[in-house]
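The primary structure of each chain is shown beneath.
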Amino acid sequence: QQPVQSPQAVILREGEDAVINCSSSKALYSVHWYRQKHGEAPVFLMILLKGGEQKGHDKISASFNEKKQQSSLYLTASQLSYSGTYFCGTWGPYNNNDMRFGAGTRLTVKP
Amino acid sequence: KAGVTQTPRYLIKTRGQQVTLSCSPISGHRSVSWYQQTPGQGLQFLFEYFSETQRNKGNFPGRFSGRQFSNSRSEMNVSTLELGDSALYLCASRPETSGGAYNEQFFGPGTRLTVL
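An account of the accompanying structure is given in this report. (Residues numbered from 1 in each chain as written. Chains lettered and ligands numbered in written order. Predicted model: local features only at pLDDT ≥ 70, side-chain atom pairs only at ≥ 80, totals over all residues. Heavy atoms only, no water.)

Regarding the overall build of chain A
Formally: Numbering goes from the N terminus for both helices and strands, where a helix is a DSSP run of H or I of at least four residues and a strand is a run of E of at least two. We take the radius of gyration over the C-alpha atoms and set the globule estimate at 2.2 Å times the residue count to the 0.38 power. Only protein chains enter the area calculation, which uses a 1.4 Å probe; residues under 20% of their type maximum are buried, those over 50% are exposed, and those in between are partly exposed. When checking whether two residues touch, look at their non-hydrogen atoms; a contact exists if any pair is within 4.5 Å. Per-residue and other accessible areas were derived by the Shrake-Rupley procedure at a 1.4 Å probe size, with only the shown protein chains allowed to occlude residues. Only four residue types enter the tally: Lys and Arg on the positive side, Asp and Glu on the negative side; His and the chain ends are excluded. To locate a charge, the coordinates of NZ of Lys, CZ of Arg, CG of Asp or CD of Glu are taken.
Counting its secondary structure elements, chain A contains zero helices and eleven strands. When the elements of chain A are put in sequence order from the N terminus, they spell out β-β-β-β-β-β-β-β-β-β-β. The C-alpha atoms of chain A give a radius of gyration of 13 Å, which matches the 13 Å a tight globule of 111 residues would have. In chain A, which comprises 111 residues, the proportion classed as buried is 50%. Of the contacts made within chain A by residues no fewer than 6 positions apart, 56% connect residues no fewer than 24 positions apart. As displayed, chain A has an accessible area near 5,600 Å², and 48% of this comes from carbon and sulfur atoms. Distance from the positive charge centre (12 side chains) to the negative charge centre (8 side chains) of chain A: 6 Å.

Written out as structure tokens, the structure is:
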């Protein structure tokens, strides 16, 4: 019941764009995105809710397709600081009071 | 507000021993979740506590247990340690205003447990 993330890893040059995908086999209430830098705790980026509501950082954009149970995180004009591992976490009627995380997408931004 | 704190930050134990990890949530947060993070398995949910009650538990053996105190601080205990228990253990707290699906989690720095 863990969501599936793709790609597993991506390498970018500064200024390039990337898309990270998260899909679930079950219906979802919401999708959460976190970024974890090496040796640090995961940090919240965004929540996408069923019905279209979003909350999170202004510079991060994402989408949530409820019918397809998929979410995508869009990283545009990437900066070195975007490097890290991105995790999506999902909440759905199949789980109660716990989040299921994907395996993560390792993003490396090079100068 | 102070962030989520976890103690100790690093721990080395041997197989068969027992360990207790501690987590202090952000002031006002009553929900505390625990996760195990390993390179091969990613972030795996252990359990979640709210108002001193365990609300949900992940797929871990009974050797993993926890509790929450009246001040929302939480402890996690692992008995009879195995080599495979080596991992980063993260706790996360969140405000409980409208359910976990609608609130971000705030993670602590983690406790790095090494079992020899």
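Focus on the pairing of strand β4 (residues 30-36) of chain A
Within a regular strand, side chains alternate between the sheet's two faces. All names here are of chain A. Worth spelling out the cut-off: Two strands are counted as paired when DSSP detects at least two bridges linking them.
Here β4 lies mainly inside the structure; seven of its seven residues are buried. In terms of strand pairing, β4 meets strand β5 (residues 43-49) through six bridges, oriented antiparallel. Paired with V31 across the bridge in β5 is L48. Counted along the chain from β4 to the antiparallel partner β5, the turn is six residues long, and its residue G39 has a positive phi close to 80°. By the bridge criterion, seven bridges tie β4 to strand β9 (residues 84-91) in an arrangement that is antiparallel. What sits directly across from S30, in β9, is W91.

Some details on the side chain of Q44 of chain B
Here is the rule: Any N or O atom pair separated by 3.5 Å or less is treated as a polar contact, with the protein-specific requirement of one donor-capable and one acceptor-capable atom, and with residues adjacent in sequence counted only for side-chain atom pairs.
With respect to the helices and strands, Q44 of chain B occurs in strand β5 (residues 42-50). Separated by 3.4 Å, the side chains of Q44 of chain B and Q2 of chain A make a polar contact.

Let's talk about the environment of N21 of chain A
All names here are of chain A. Secondary-structure assignment places N21 in strand β3 (residues 18-23). N21 sits in the partly exposed class, given a relative accessible area of 31%. On a C-alpha basis, the gap between N21 and E66 in space is 14 Å, while along the polypeptide they are 45 residues apart. Excluding residues that lie within four positions of it along the chain, N21 makes contacts with V4, Q5, S6, W33, S71 and S72. A polar side-chain atom of N21 sits 2.6 Å from a polar atom in the side chain of S72.

Digging into the state of the cysteines
Under the convention used in this document: Any pair of cysteine sulfurs within 2.5 Å is marked as a disulfide.
For the coordinates displayed, the defined rule picks out two disulfides over all chains. Note on cysteine connectivity: C22 of chain A is disulfide-linked to C88 of chain A, with sulfurs 2.0 Å apart. Handedness of the C22 of chain A-C88 of chain A disulfide follows from its S-S torsion of about 75°: it is right-handed. On the criterion of sequence distance, the pair formed by C22 of chain A in strand β3 and C88 of chain A in strand β9 is long-range, its members being 66 residues apart. Overall, C22 of chain A belongs to the buried group, its relative accessible area being 3%. We classify C88 of chain A as buried; its relative accessible area is 0%. The partner cysteine of C23 of chain B in its disulfide is C91 of chain B, sulfur to sulfur 1.9 Å.

Looking at the sheet that holds strand β1 (residues 4-6) of chain A
Residues and elements named next belong to chain A. For the record, the criterion: Here an angle of 0 to 180 degrees is reported between the N-to-C directions of two axes, which are lines fitted to C-alpha atoms, with helices fitted over the stretch in contact.
An order of β1-β3-β8-β7 is seen for the four strands of this open sheet, with the pairing classed as antiparallel. Since the sheet does not close on itself, it has two edges, and those belong to β1 and β7 (61-65), each with one partner. Taking each pair of neighbouring strands and ignoring which way they run, the sheet shows an average axis angle of 15°. Both β1 and β3 contribute to a ladder of three bridges, which runs antiparallel. Considered in β3, the bridge of Q5 is made with C22.

Description of the side chain of S31 of chain B
Residue and element names in this part refer to chain B. Here S31 is to be found in strand β4 (residues 31-38). Overall, the relative accessible area of 1% leaves S31 in the buried class. A polar contact is formed between the side chain of S31 and the side chain of E48, at a distance of 2.6 Å. The contact partners of S31, leaving out residues within four places of it in the chain, are E48, Y49, F50, R55, A92, S93, R94 and E96.

This is a description of form; function is not addressed.
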